[in-house]
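The residues making up each chain are set out below.
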Amino acid sequence: MEEIPACVLSTGRGAVRGLPFHFHSLAIAPEHMLSAAADARFHGGAPRRRRPRLRSCLASPPASGGGGGDCREKARRLLVERYQDGVSKRYILDGNSKLQIHQEKNEYMVNTLEEEEEDANSSIPRAIKDFVLPAGFPGSVSDDYLEYMLWQLPTNVTGWICHTLVTSTLLKAVGVGSFTGTSAAASAAAIRWVSKDGIGAFGRLLIGGRFGTLFDDDPKKWRMYADFIGSAGSIFELITPLYPGYFLPLASLGNLAKAVGRGFRDPSFRVIQNHFAESGNLGEVAAKEEVWEVGAQLLGLSIGVFIMDTSGIKSSYPTLALTWLGVRLLHLWFRYQSLSVLKFRTVNLKRARILVRSHVAKHTVPDYVTCNEEENILTWERFLHPQISFGVPMERMLGEEESSDVVDRLLKLYRNEKYILFLNPIGTGGAAFFVTFKEAATSMSVLRSLWQAHWLDKNQLKQDDVFSWLEESVLALEHGFPDFLKQMEIAGWDQNQIILKVPKEPILYTTTSLQHFS
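Residues numbered from 1 in each chain as written. Predicted model: local features only at pLDDT ≥ 70, side-chain atom pairs only at ≥ 80, totals over all residues. Heavy atoms only, no water.

In the annotation of an unreviewed UniProt entry, the entry for the protein chain reads Protein root UVB sensitive 5, and the organism field reads Oryza nivara. Per UniProt, the protein chain carries the Sequence similarities (unreviewed entry) text "Belongs to the RUS1 family." (UniProt positions renumbered as here; feature names shortened; annotations may be inferred.)

Here you go:
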């Protein structure tokens, strides 16, 4: 490992915003890079911590090849940070260790990924099996297919009951047999109906164009949120009889929310269908899903009509609203249960955290069934621990004070990685980790940064020793990550199915590739 220059950091207050520690100039020889401590922690030994020796440029400048003792360096470019809008930021270290940031216009780059298979079990009469299930069932689909469909049936039934109840309130609101006995002209009703449908369609256009990249890595979450958004839209429609004069805005808002929900629902379910089609029979899986869907629709409509025909519902709006609320809550519970039985083999961010946390703590990796059961469908990434922010600009990592060449130090530390990880100090909730990615970073780069962040979170050191802490974590990563990949393979995970998206911006271009910007 190449030696890090002694005057990397000037003595004084840390350059990272809010860090309650002091940086000191470090000179670290390769033989003092804590490999023994990292090995001990990974092979069950006692965690023996050895500190790198600290030397101040002011106290005793190190001898160099030419015997020079001047701590100043010539001005040089450290890296270039690129954004999708064409903006580039050049980070330049001048002769006074001042970090200069120059902004200009330019281009940007991107990344990619893929997917794969397994089998299932069931015993159903052949006539029913051939009618409602894909050919070759259970071997042609995943092992969670039937359980999911059995939960989907009552989910869709309750959904169509709600649809029937809401539709009746919409018709009453435009004068077709309303609670108050008033009526509206057919043409006015048609105009209102078409208008609210047109406004609602905008929601699907927005979701498809803006959020298309969300669904592959976490379809379970977005399918569940689609139902929450759709439920909110139904509430707007449900209250239209109370405010018939505001039919158009209320119905339009309702249809817009339901269309947004549909925009989340359809792509998410396509991913789920693709998960089921283990023998490449996606079309047949989709066709058989229609059989389940239409069967549930007919049953739900029948029950809905029966409920609407009861005297209490016909004559009382509060009874109707309460009935809708009860059935809707039941519908959401059924939806959650149906999504909970899905067992994805792909490694998304939530599942990657579970795998990494298990390996760092116990040196083992759970299989895909256990991991999916542990995964929380509704949790947002920002609320997971430890807190890790991806795609953070270097400027944010450095904070307001830019007098020390922290960037130079980080570039040397992460010269063999496709990312740079830094952190905010340990607070009540632990350290907050920042990760930014270099050019050509992949899903594996994201996974490596996750492993390092979890290792740092578990092996917390003193706040005034951040760089030696980071150095130890990089060594631990080099020793432990190969074993992590091996444990993944043993547990049945396919490393070709790691879906961890590298943020599109910013992308770092280090000194090895700065010729592109000359």
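Enquirer: Please explain the side chain of Arg409 as it appears in this structure.
Expert: Structurally, Arg409 is set in helix α13 (residues 406-413). Overall, Arg409 belongs to the buried group, its relative accessible area being 0%. Within the local environment of Arg409, its side chain forms a polar contact with the side chain of Glu471, the two groups lying 2.3 Å apart. (Helix = DSSP H or I, 4+ residues; strand = E, 2+ residues; numbered from the N terminus. Buried < 20%, exposed > 50% of the residue type's maximum accessible area, 1.4 Å probe, protein only. Polar contact = N/O pair within 3.5 Å; in protein donor to acceptor, adjacent residues only side chain to side chain.)

Enquirer: I keep staring at helix α10 (residues 349-362) and nothing clicks. Help me out?
Expert: Residues that lie three or four places apart on an α-helix share one face, since the helix turns once every 3.6 residues. When the terminal C-alpha atoms of α10 are compared, their 20 Å separation across 14 residues agrees well with the 20 Å that a helix rising 1.5 Å per residue should span. Buried residues dominate α10, accounting for eleven of its 14 residues. Restricting attention to buried positions, one finds in α10 the residues Leu349, Lys350, Arg351, Ala352, Arg353, Ile354, Leu355, Val356, Ser358, His359 and Val360. Between the side-chain oxygen at the start of α10 and the backbone nitrogen of Lys350 there is a gap of 3.3 Å, and the oxygen is on Asn348. Just past α10, the residue His363 takes up positive phi, approximately 60°. (Expected span 1.5 Å × (residues − 1).)

Enquirer: Explain the packing of aromatic side chains here, please?
Expert: The description of an aromatic ring pair rests on the distance of the ring centres and on the angle between the ring planes. This model, assessed by the stated rule, comprises 15 aromatic pairs. For the pair Tyr148 and Phe276, a centre-to-centre distance of 5.3 Å together with 50° between the ring planes defines the contact as tilted. Within this pair, whereas Tyr148 is found in helix α3 (residues 145-173), its partner Phe276 is found in helix α6 (residues 247-276), the two being separated by 128 residues in sequence. Residue Phe276 is classed as buried on the basis of its relative accessible area, which comes to 0%. Ring centres of Trp151 and Trp333 lie 5.6 Å apart, and the angle between their planes is 80°; on these two criteria the pair is classed as edge-to-face. Of this pair, Trp151 sits in helix α3 while Trp333 sits in helix α9 (residues 317-340), and the two are 182 residues apart along the sequence. Residue classification places Trp151 among the partly exposed positions, given a relative accessible area of 24%. Assessed through its relative accessible area of 44%, Trp333 is described here as partly exposed. Among the aromatic side chains, those forming a connected cluster through ring pairs are Trp222, Tyr225, Phe228, Phe264 and Trp380. (Phe/Tyr/Trp six-rings, centres within 6.5 Å; stacked < 30°, edge-to-face > 60°.)

Enquirer: Mind showing me how you'd approach the packing of α10 against helix α14 (residues 443-458) here?
Expert: What describes two packed helices is the angle between their axes and the distance between those same axes. Two elements in contact, α10 and α14, have axes separated by 9 Å at closest approach and are oriented at 50°. Looking at the two axes, α10 sits oblique to α14. Seen along the crossing, α10 lies across α14 with a hand that is right-handed. In this structure, α10 uses Leu349, Ala352, Arg353, Val356, Arg357, His359, Val360 and Ala361 to contact α14, whose residues at the interface are Leu447, Leu450, Trp451, His454, Trp455 and Lys458. Residue composition of the contact of α10 with α14, by class: nine nonpolar, two polar and three charged. (Axes fitted to C-alpha atoms, helices over the stretch in contact; angles between N-to-C directions. Parallel < 35°, antiparallel > 145°, perpendicular 65-115°, else oblique. Left-handed = near helix turned anticlockwise from the far one by under 90°. Contact = heavy atoms within 4.5 Å. Nonpolar A, V, L, I, M, F, W, Y, C, P; charged D, E, K, R; others polar.)

Enquirer: Looking at this structure, I do not really get the nonpolar core. What am I missing?
Expert: In globular proteins that are soluble, nonpolar side chains generally tend to be buried together. Judged by nonpolar contacts, the single largest core of 60 residues is most densely connected at Leu447, Leu470, Phe484 and Met488. Take this core: its biggest share by element is eleven residues, from helix α15 (residues 466-490). Among all residues touching Phe484, those that are not within four sequence positions of it are Leu355, Val356, His359, Val365, Leu447 and Trp451. (Core = buried A, V, L, I, M, F, W, Y, C linked by side-chain atoms within 4.5 Å.)

Enquirer: Looking at this model, I keep getting lost on the pattern of salt bridges. Mind explaining?
Expert: Once their charged atoms are close, side chains differing in charge can pair, the charge on each being opposite to the other. According to the stated counting rule, one finds eleven salt bridges in the structure shown. Where Lys220 meets Glu375, a salt bridge forms, and the shortest distance between an N and an O atom there is 3.2 Å. One end of the pair, Lys220, is in helix α5 (residues 219-238); the other, Glu375, is in the loop between α11 (368-374) and β6 (387-390), with 155 residues separating them in the sequence. On the accessibility criterion, Glu375 (7% relative accessible area) is buried. One network of salt bridges, in which partners are shared, links Lys220, Arg351 and Glu375. (Salt bridge = Lys/Arg side-chain N within 4 Å of Asp/Glu carboxyl O.)

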